[in-house]
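# Geometric and topological summary
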Amino acid sequence: SWSADRDLAPTKGETPTEFARRIKEEFPQAASLDRLAILVTRLAYSNRPLPGDASATLKANWQDMERLAGVRNG
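Here is a short report on the structure shown in this document.

On to the packing of aromatic side chains. Under the criterion given, the structure shown has one aromatic pair. Geometrically, the ring pair formed by Trp2 and Phe27 is edge-to-face, given 5.1 Å between the ring centres and 65° between the ring planes. Of this pair, Trp2 sits in the segment before α1 (16-26) while Phe27 sits in the loop between α1 and α2 (33-45); the two residues are 25 residues apart in sequence, bridging distant segments of the chain. Accessibility assignment for this pair places Trp2 and Phe27 in one class, buried. Its end group placed over the ring of Trp2, Arg6 keeps NZ or CZ at 4.2 Å from the ring centre.

Right, dumping it as structure tokens:
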């Protein structure tokens, strides 16, 4: 939703890592995106549980999105 509001919605076939990389090109301040992409990939493709710091990663990403809410891409 956040990325779609900025005309940066994920494209068909784009992996979470590719998507995060593209978002960070427009918003380099979004430091937590790499870690979030790893969590999303792990949820989608692995049977392993999420790491113990997953909630901290989600919190950091949420804070990044709130902080960047008023920032325009480009």
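Tallied over the full model, the rule gives three salt bridges. With a shortest N-O distance of 2.9 Å, Asp34 and Lys24 are connected by a salt bridge. With Asp34 in helix α2 and Lys24 in helix α1, this residue pair connects regions lying 10 residues apart in the sequence. What makes Asp34 partly exposed here is its relative accessible area of 40%. Lys24 gets classed as partly exposed once you look at its relative accessible area, which sits at 22%. Here Arg67 ties to Asp64 by a salt bridge, and the two come within 2.5 Å at their closest N and O atoms. Highlighted residues: Arg67 and Asp64, both in helix α3 (residues 54-68), separated by three residues, approximately one helical turn.

A few words on α3. Taking 1.5 Å of rise per residue, the 15 residues of α3 would be expected to cover 21 Å, and the 21 Å separating its terminal C-alpha atoms lies within 8% of that figure. Where α3 is concerned, the buried positions are Ala54, Thr57, Ala60, Asn61, Asp64 and Leu68. Down the axis of α3, the buried side of the element spans an arc of 125°, and every buried residue falls inside it. More than 90 degrees from the buried face of α3, the exposed residues found are Ser55, Lys59, Trp62 and Glu66. For α3, the secondary structure elements touched by its buried residues are α2.

Rules of the game
- Starting afresh in each chain, residues are numbered from 1 along the sequence in its written order.
- For a predicted model such as this one, the threshold for reporting local features is a pLDDT of at least 70, and the threshold for listing and counting side-chain atom pairs is 80 or more; totals across whole chains, interfaces and linings nevertheless cover every residue.
- Excluding hydrogens and water, the side-chain figures rest on all heavy atoms present in the structure.
- Geometry of aromatic contacts follows a simple scheme: Phe, Tyr and Trp rings, the Trp one being its six-membered ring, pair when their centres are within 6.5 Å, and the pair is stacked under 30 degrees between planes, edge-to-face over 60, tilted otherwise.
- For the purposes of this entry, the term helix denotes a DSSP run of H or I that reaches at least four residues, the term strand denotes a run of E that reaches at least two, and both are numbered from the N terminus.
- For the exposure calls, accessible area comes from a 1.4 Å probe over protein chains only, and a residue counts as buried if that area is under 20% of its type's maximum, exposed if over 50%, partly exposed in between.
- For a ring to carry a charge above it, either NZ of a lysine or CZ of an arginine must fall within 6 Å of the ring centroid while also lying within 35 degrees of the normal to the ring plane.
- Any Lys or Arg side-chain nitrogen located within 4 Å of an Asp or Glu carboxyl oxygen qualifies as a salt bridge.
- Every helix has an expected span of 1.5 Å times one less than the residues it contains.
- The arc under discussion is defined with respect to the helix axis, by the directions toward the C-beta atoms.
- In what follows, a contact means two residues having at least one pair of non-hydrogen atoms within 4.5 Å.

Keep in mind these values describe shape, not function.
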